[in-house]
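One-letter residues, chain by chain:
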Amino acid sequence: MTEVSTPTGPAIVVKGVSKRFGDLEVLHGIDLRIDRGTTTCLIGPSGSGKSTLLRCIAFLEEATAGTILVDGAPLGFTEGPDGARTRLPAPSIRAVRAKIGMVFQQFNLWPHMTALGNVCEALRTVRRLPRKEAEERGMAQLRKVGLENRAGHYPSQLSGGQQQRVAIARALALEPEILLFDEPTSSLDPELTGEVLNVMRALAEDGMSMVVVTHEIGFAATVGRHIAFLDHGRVLLDGPPEEVFGAPRHPRLEQFLETYLDRGAATLV
Amino acid sequence: MTPRLFELMLWAAGATVLISAVSILIGLAIGFLVCAARVSRTRWLSTPAAVFVSFFRGVPLLVQLLLIYNLLPGFGLYVPSVVAAIAGLSLCTAAYQAENLRGGFMSVPKGLLEAADMVGLSPWQQMRRIRAPIALRLTLPALINEAILILKASSLISVVGVVELTRMAQNLAASTYRPLLFYSVAGGLYLVINWLVAGGGSLAERMLKKERA
């Protein structure tokens, strides 16, 4: 390992990551650098592997080859000079993963806890903060997503958009350096996506490092500083939005964007 | 029926409730362990657990009680008959509760545990804070059902010499020659107890509704 953790280095480095489910290889040797303090959007057609890539970065899926460095530290596997991979022990995985927060498509809030309970859970159980301090921090996060007046509500009593904002607050509570979003608005009614995207936009303006798998091409083009277009498990295009979306456009991207004509991406096409 | 005799019936009903409640709680604890063993990937844990479940679900409780009662002295264990009765009821209900819990645990959405992984909860913390509470909520109706079944099945423990509601009714019916009266009172008391259990169950479910609604 020659990579050294420096505050100026990339937030995440993905090196030669492949993922195979049985006979199906869904990622073929992905290389990607995620810069600090900016938003990277992973876009691409369904089945292109963008969610799998994000889940590999979070180590929710174990890549079958390659390594992932978070802040310079290997997550899950290290690669020796001879290319042999070793699986790291669970405490190391937990330590490196503590730098990452994740927001899921299905929110995944714990239904038996209130909004505040969801946000405070890790502060209490993992960080072992006293109740009062944990709740103060939890309320601060709920305020950030505009839901301090819903603290005592259970997830089932909240709209989808509110649930996703609570999930963002939960991910923020541990003050991660990087936030991962896996299609955060895909299970929301169209009229509820705005409130979630606004929260994400505000986080981006605050300089949060974010990786967003999204079908919201408009969001990707305006908030993303870095776009990676995946197709059939490969990064086909990788660069700033002007470059990726600008002319001359890659035919696969053109084809992909056409399916979004009726989804508010018309201005781009 | 004299007040004195009714008092005896009430005392016996109390014994029924106490023995059943203790058995259900012990059964829940054993059920948790059996369920954990049953879903384990280690064969030498999951196989005995599966055997345990199929034995205690497959052999009539009456036979189990008689087996335990007559087997224990063979191992040099001379325990009061009430202990043998509680052991029998607990083991029997544990088998059913293990299966209920297994269903509950399998119904906990995987995403909830991924979210817990991402905020750093250890496997044990996930069990304690996320999986067990949700599985218990999902199995609450089945647990209430099981409690009622055990309350009724506890009438069988009279065969190992424990005086509970059914046995007391038998004794008093025999000594007063008024079987109809005492069996009616016993039946009525069982009914009231089970109404209370069912009522407590729906109350708990209503309180949890707020989470699900």
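Residues numbered from 1 in each chain as written. Chains lettered and ligands numbered in written order. Predicted model: local features only at pLDDT ≥ 70, side-chain atom pairs only at ≥ 80, totals over all residues.

Undergrad: I keep staring at the overall build of chain A and nothing clicks. Help me out?
TA: Scanning chain A from terminus to terminus reveals 9 helices and 12 strands. Relative to a compact globule of 269 residues, whose C-alpha radius of gyration would be 18 Å, chain A shows 19 Å and is just as compact. The C-alpha extent of chain A, read off along each of the three principal axes, is 50 × 50 × 35 Å. Scored against the burial criterion, the 269 residues of chain A give a buried share of 45%. A separation of at least 24 residues holds for 65% of the contacts in chain A among residues at least 6 apart in sequence. (Helix = DSSP H or I, 4+ residues; strand = E, 2+ residues; numbered from the N terminus. Rg over C-alpha atoms; globule rule 2.2 N^0.38 Å. Buried ≥ 20, exposed ≤ 12 C-beta atoms within 10 Å, placed from the backbone. Contact = placed C-beta atoms within 7 Å.)

Undergrad: Just checking my understanding: could you explain the overall build of chain B for this structure?
TA: Along the backbone of chain B there are 8 helices and 0 strands. Referenced to the eigenvectors of the C-alpha coordinate spread, the extents of chain B come out at roughly 70 × 45 × 25 Å. Across the 213 residues of chain B, 33% fall into the buried class. In chain B, the proportion of contacts linking residues at least 24 apart, taken out of those at least 6 apart, comes to 75%.

Undergrad: Quick question: what am I supposed to make of the sheet that holds strand 1 (residues 12–21) of chain A here?
TA: Backbone hydrogen bonds hold the strands of a sheet together, and the pairing may be parallel or antiparallel. Residue and element names in this part refer to chain A. The 4 strands lie next to each other as 2-1-4-5, forming an open sheet whose pairing is antiparallel. Both edges of this open sheet fall to strand 2 (24–34) and strand 5 (73–74), since each of them pairs with a single strand only. Sheet analysis places strand 1 next to strand 2, joined by 7 bridges and oriented antiparallel. Bridging across to strand 2, Val14 finds its partner in Leu32. On the sheet, helix 1 (residues 50–57) packs against strand 1, strand 2 and strand 4 (65–70) and is oriented at approximately 115 degrees with respect to strand 1. (Pairing = 2+ DSSP bridges. Axes fitted to C-alpha atoms, helices over the stretch in contact; angles between N-to-C directions.)

Undergrad: Looking at this model, I keep getting lost on helix 3 (residues 115–125) of chain A. Mind explaining?
TA: Since the α-helix advances by 3.6 residues per turn, residues separated by three or four positions end up pointing in the same direction. Extensive coverage of helix 3 of chain A is indicated by the burial of 10 of its 11 residues. Those residues of helix 3 of chain A that sit buried are Ala115, Leu116, Gly117, Asn118, Val119, Cys120, Glu121, Ala122, Leu123 and Thr125 of chain A. Among the structural elements, helix 4 (131–144) and helix 5 (160–173) of chain A together with helix 6 (123–153) of chain B are those in contact with the buried residues of helix 3 of chain A.

Undergrad: Looking at this structure, how should I read the interface of chain A and chain B?
TA: The figure often quoted for interface size is the accessible area lost as the parts come together. If you look at the interface, chain A gives 23 residues, while chain B gives 19 residues. When residues of the side of chain A that touches chain B are traced back to their parent elements, those giving at least two are helix 2 (90–97), strand 8 (100–103) and helix 3 of chain A. A breakdown of the residues in the side of chain A that touches chain B according to their chemical character gives 12 nonpolar, 7 polar and 4 charged. (Nonpolar A, V, L, I, M, F, W, Y, C, P; charged D, E, K, R; others polar.)

Undergrad: So what exactly am I meant to see when it comes to the domain arrangement of chain A here?
TA: All names here are of chain A. When the domains of chain A are assigned, the result is domain 1 (12–99 + 179–268) and domain 2 (114–175). Summarising the inter-unit geometry, the C-alpha centres of domain 1 and domain 2 are found 25 Å apart. Facing the 10 residues of domain 1 at the interface are 9 residues of domain 2. Top contributing element to the side of domain 1 that touches domain 2 by residue count: helix 6 (residues 190–205), with 4 residues. (Domains from an automatic or database assignment.)

Undergrad: Explain the nonpolar core here, please?
TA: Note that soluble globular proteins tend to have their nonpolar side chains buried in a common cluster. Residues and elements named next belong to chain A. Membership of the largest hydrophobic core comes to 115 residues, with the highest contact counts inside it found for Ile57, Ile68 and Leu180. The residue makeup of this core includes at least three contributed by each of domain 1 (12–99 + 179–268) and domain 2 (114–175). With sequence-adjacent residues up to four places away left out, Ile57 is seen in contact with Ile12, Val14, Ile68, Leu180 and Val211. (Core = buried A, V, L, I, M, F, W, Y, C linked by C-beta atoms within 7 Å.)

Undergrad: So what exactly am I meant to see when it comes to the packing of helix 1 (residues 3–38) of chain B against helix 6 of chain B here?
TA: Axes are the key here: two packed helices are described by the angle between their axes and the distance separating the axes. All names here are of chain B. In the contact formed by helix 1 and helix 6, the axes pass within 9 Å of each other and the chain directions differ by 135 degrees. With respect to helix 6, the axis of helix 1 lies oblique. Read as a crossing pair, helix 1 and helix 6 show a hand that is right-handed. Only Glu146, Ala147, Ile150 and Leu151 of helix 6 make contact with helix 1, whose side of the interface consists of Thr16, Ser20, Ser23 and Ile24. The residue inventory of the contact of helix 1 with helix 6, partitioned by class, reads 4 nonpolar, 3 polar and 1 charged. (Parallel < 35°, antiparallel > 145°, perpendicular 65-115°, else oblique. Left-handed = near helix turned anticlockwise from the far one by under 90°.)

Undergrad: Looking at this structure, how should I read unusual backbone geometry?
TA: Glycine aside, the phi torsion of most residues is negative, and most peptide linkages are trans. Residues and elements named next belong to chain A. Residues other than glycine seldom take positive phi values, yet Asp71 does so here, at roughly 60 degrees. Tracing the backbone through its elements, the reader meets Asp71 in the loop between strand 4 and strand 5. One non-glycine residue, Arg128, lies in positive phi territory at about 60 degrees. Within the secondary structure, Arg128 is located in the loop between helix 3 and helix 4. By the C-beta count within 10 Å, which is 8 here, Arg128 ends up exposed.

Undergrad: Just to check I follow, could you spell out the confidence of the model for chain B for this structure?
TA: Caution is warranted with low-pLDDT regions, since their predicted coordinates should not be read in detail. All names here are of chain B. Summing up the model confidence of chain B, the mean pLDDT is 92 and the portion of residues at 70 or higher is 99%. The least confident element of chain B is helix 8 (residues 179–212), whose mean pLDDT is 90; the most confident is helix 5 (residues 110–118), at 96. As scored by the predictor, the complex reaches a pTM of 0.85 and an ipTM of 0.90. (pLDDT = per-residue confidence, 0-100.)

Undergrad: Before we go on, may I ask you to explain the environment of Val244 of chain A in this structure?
TA: On the secondary structure map, Val244 of chain A appears in helix 8 (residues 241–245). Each C-alpha atom of the pair Val244 of chain A and Phe229 of chain A lies 8.2 Å from the other, and the pair is 15 residues apart in sequence.

Undergrad: When you look at helix 1 of chain A in this model, what are you seeing that I'm missing?
TA: Residue and element names in this part refer to chain A. For helix 1, the buried fraction is high: 8 of the 8 residues fall into the buried class. Along helix 1, the residues that are buried comprise Lys50, Ser51, Thr52, Leu53, Leu54, Arg55, Cys56 and Ile57. At the exit of helix 1 stands Phe59, carrying a positive phi of roughly 65 degrees.

Undergrad: Looking at this structure, I do not really get the packing of helix 3 of chain A against helix 5 of chain A. What am I missing?
TA: Residue and element names in this part refer to chain A. Remark: helix 3 packs on helix 5, axes separated minimally by 8 Å, with the N-to-C direction vectors making an angle of 20 degrees. The angle between helix 3 and helix 5 places the two elements in the roughly parallel class. The handedness of the crossing between helix 3 and helix 5 comes out as right-handed. Judged by residue contacts, Ala115, Asn118, Val119, Ala122 and Leu123 of helix 3 engage Val166, Ala169, Arg170 and Ala173 from helix 5. For the contact of helix 3 with helix 5, a count of residues per class yields 7 nonpolar, 1 polar and 1 charged.

Undergrad: Explain the sheet that holds strand 9 (residues 178–182) of chain A here, please?
TA: All names here are of chain A. Spatial strand order, 8-9-10-3-11-12: 6 strands in an open sheet with mixed pairing. Edge strands, defined here as strands with exactly one partner in the open sheet, are strand 8 and strand 12 (234–239). Across the sheet, the mean angle separating the axes of adjacent strands is 15 degrees when strand polarity is ignored.

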